[in-house]
Amino acid sequence: MAERAYRLAVVFLVAAIVVAGFAAFGACADEPEQVIKVTAKKFEYSPNEITVKKGVPVTLEFTSLDRPHGFNCPDLAIRTDIMPGKVNRVHFVPQKTGTFEFHCDLFCGEGHENMTGKIIVTE
Amino acid sequence: MGTGMERREFLKLMGIGGVVFVSGLGPLAHAAGEKGTKDDFFFVQLSDTHIGFSDPKVNPDFAGTLKKAVAQVNSLSIQPDFIMFTGDLSHTTDDSKERRKRLQGFRDIVADLKVKTVRFMPGEHDAALDNGEAFQEFFGATHYTFAHKGVNFIVIDNVSDPTGSIGDVQLQWLAGELQKLDKDARIVVFTHRPLFDLAPTWDWATRDGAKAIELLMPYKNVVVFYGHIHQVHNQMTGHIPHHAAHGLMYPLPAPLSQPKKAPVPWDPAAPYKNLGFRGIDAKVLKADYVITEFPVKKG
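**A word on the interface of chain B and chain A**
Step number 1: Counting residues at the interface gives 13 residues for chain B, matched by eleven residues for chain A.
Step number 2: Here the residues of the side of chain B that touches chain A are counted per class, giving four nonpolar, five polar and four charged.

Encoded structure:
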């Protein structure tokens with residue numbers, strides 16, 4: 001009797017996990033990946049304010065219009081070099097809401113220190 | 001040490017208060033280079049002079065501040081054994097001719113220092129746009145070692161690579177230099193950027209600085225002096241203290257204390273506030289260093 005109850009509990013537990021998994025997958029599946037193109041040039045990003053949704057995969061596609069730049073968002077642990085003549089991609093899935101600063105981390109000239117932006121992650 | 005040193009303004013380390021002691025310094029016997037005179041000595045660190053910067057709202061005496069600092073160093077009653085400039089000698093410019101003109105202007109000013117043993121290293125403003133080419137024309141190598149009275153000095157370049165990295169080649173060189181030293185050798189490291197992640201969102205970090213710290217960790221008696229952040233800041237990574245210096249053109253705000261990093265505007269009520277240089281007493285026999293901050297005076 002006890003063994004039957006145990007088996008039933010395991011079945012329910014597995015079922016619950018599967019249902020929850022499908023629910024979570026369904027939520028993400030409803031939201032297509034966000035692909036956002038960003039250009040970089042002395043000494044600005046365009047756009048320099050990027051809004052994304054928590055839990056929805058994002059690809060940032062960077063192109064440089066002049067010289068090598070960098071993109072670094074330490075709080076989201078994402079970075080890339082932005083080299084001219086190619087598309088430089090960063091993939092991530094935002095796990096927390098908030099506003100996260102990013103900056104050019106490849107010294108690019110007189111206005112380098114003002115080359116910044118922010119990623120806003122919403123619910 | 002006379003009137004110059006009487007103006008000392010002692011720093012605090014780790015909130016303990018009073019004189020900064022860089023403790024744990026070992027015996028002289030294992031020092032590389034010069035063998036073991038047991039004299040104490042005194043050296044001066046100046047940083048972030050940013051010659052070429054010209055915003056009067058930030059520093060109306062942009063052309064005169066370094067000259068005042070040079071005069072103050074010259075007025076110290078006991079002259080330092082040597083002087084170290086820890087980078088950003090010039091303010092950045094995209095024009096390579098102008099960069100050389102600024103470096104030349106800097107060199108002309110510091111030529112008035114009475115002490116003739118003066119060493120230099122680049123900051124990113126000097127070197128990141130041309131991988132240190134112009135800097136090397138004026139001042140030579142961007143990373144090197146020297147020894148003085150039993151203390152081993154290591155200058156690490158974390159700016160000529162525009163990514164703010166030391167790079168694998170220089171890290172291998174560093175490992176090789178350290179291998180020559182015993183684990184209790186006294187080691188003073190100069191860098192421009194902090195080796196640790198002080199404020200990565202403000203670019204106050206070195207991308208591969210952790211690798212350098214890892215190489216230094218087995219050594220018991222290491223201290224790091226750096227610039228870049230234009231303010232006094234003291235932090236430990238394990239047993240290694242890191243001391244940032246004031247700048248000599250404009251102060252910057254405390255790490256992450258405001259949304260954007262920007263020079264602190266000039267305060268007419270307190271001119272030259274938070275601009276200055278430091279003296280370091282290397283107390284070899286007592287096994288400590290004493291850091292002194294010198295504010296620039298109006299003149």
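Next comes the rest of the account.
**A word on the environment of B:Trp202**
Residues and elements named next belong to chain B.
Step number 1: With respect to the secondary-structure elements, Trp-202 resides in the loop between β6 (186–190) and α7 (209–216).
Step number 2: The class for Trp-202 is partly exposed, based on 19 C-beta atoms found within 10 Å.
Step number 3: Residues in contact with Trp-202, not counting those within four places in the same chain, are Pro-255, Leu-256 and Lys-261.

**Regarding the environment of B:Ile229**
All names here are of chain B.
Step number 1: Mapped onto the elements, Ile-229 comes out in the loop between β7 (221–226) and β8 (233–237).
Step number 2: For Ile-229, a count of 26 C-beta atoms within 10 Å corresponds to the buried category.
Step number 3: Distance in space between the C-alpha atoms of Ile-229 and Gly-52 is 18 Å, their sequence separation being 177 residues.
Step number 4: Setting aside residues up to four positions removed in sequence, Ile-229 forms contacts with Leu-198, Trp-204, Ala-244 and Leu-252.

**Some words on the nonpolar core**
Step number 1: Among the nonpolar cores identified, the biggest contains 86 residues, and B:Ala69, B:Ile187, B:Val189 and B:Leu248 are the most heavily contacted of them.
Step number 2: With five residues, β7(B) is the single largest residue contributor to this core.

**Observations concerning helix α2 (residues 65–75) of chain B**
Step number 1: Turning to α2(B), its buried residues are B:Thr65, B:Leu66, B:Ala69, B:Val70 and B:Val73. Along the axis of α2(B), the buried residues cluster in a sector spanning 140 degrees; they form a single face.

**Quick word on the confidence of the model for chain A**
Step number 1: In the predicted model, chain A carries a mean pLDDT of 86, and 76% of its residues have values of at least 70.
Step number 2: Predicted confidence for residues 18–27 of chain A stays below pLDDT 50, and this span has zero contacts to residues more than four positions away or in other chains.

Quick notes on the rules
Counting of residues starts from 1 at the beginning of each chain's written sequence and follows it residue by residue. Chains and ligands are labelled by the order in which they are written, letters from A for the one and numbers from 1 for the other. Where local features are concerned, this predicted model is filtered to residues with pLDDT of at least 70; where side-chain atom pairs are given and counted, the filter is 80 or more; whole-chain, interface and lining totals use all residues. Any residue pair is listed as a contact if its two C-beta atoms, each placed from the backbone, are within 7 Å. Gly is put with the polar residues, along with every residue not named as nonpolar or charged; the nonpolar set is Ala, Val, Leu, Ile, Met, Phe, Trp, Tyr, Cys and Pro, and the charged set is Asp, Glu, Lys and Arg. A run of DSSP states H or I qualifies as a helix once it reaches four residues; a run of E qualifies as a strand once it reaches two. Both are numbered from the N-terminal end. Partly exposed residues are those whose C-beta has more than 12 but fewer than 20 other C-beta atoms within 10 Å; with 20 or more the residue is buried, with 12 or fewer it is exposed, and the C-beta atoms are placed from the backbone. Among buried residues, those of type Ala, Val, Leu, Ile, Met, Phe, Trp, Tyr and Cys that are joined through C-beta atoms within 7 Å form a set called a nonpolar core. What the arc describes is the spread of directions from the helix axis to the C-beta atoms. Residue-level confidence of the predictor, termed pLDDT, takes values from 0 up to 100.

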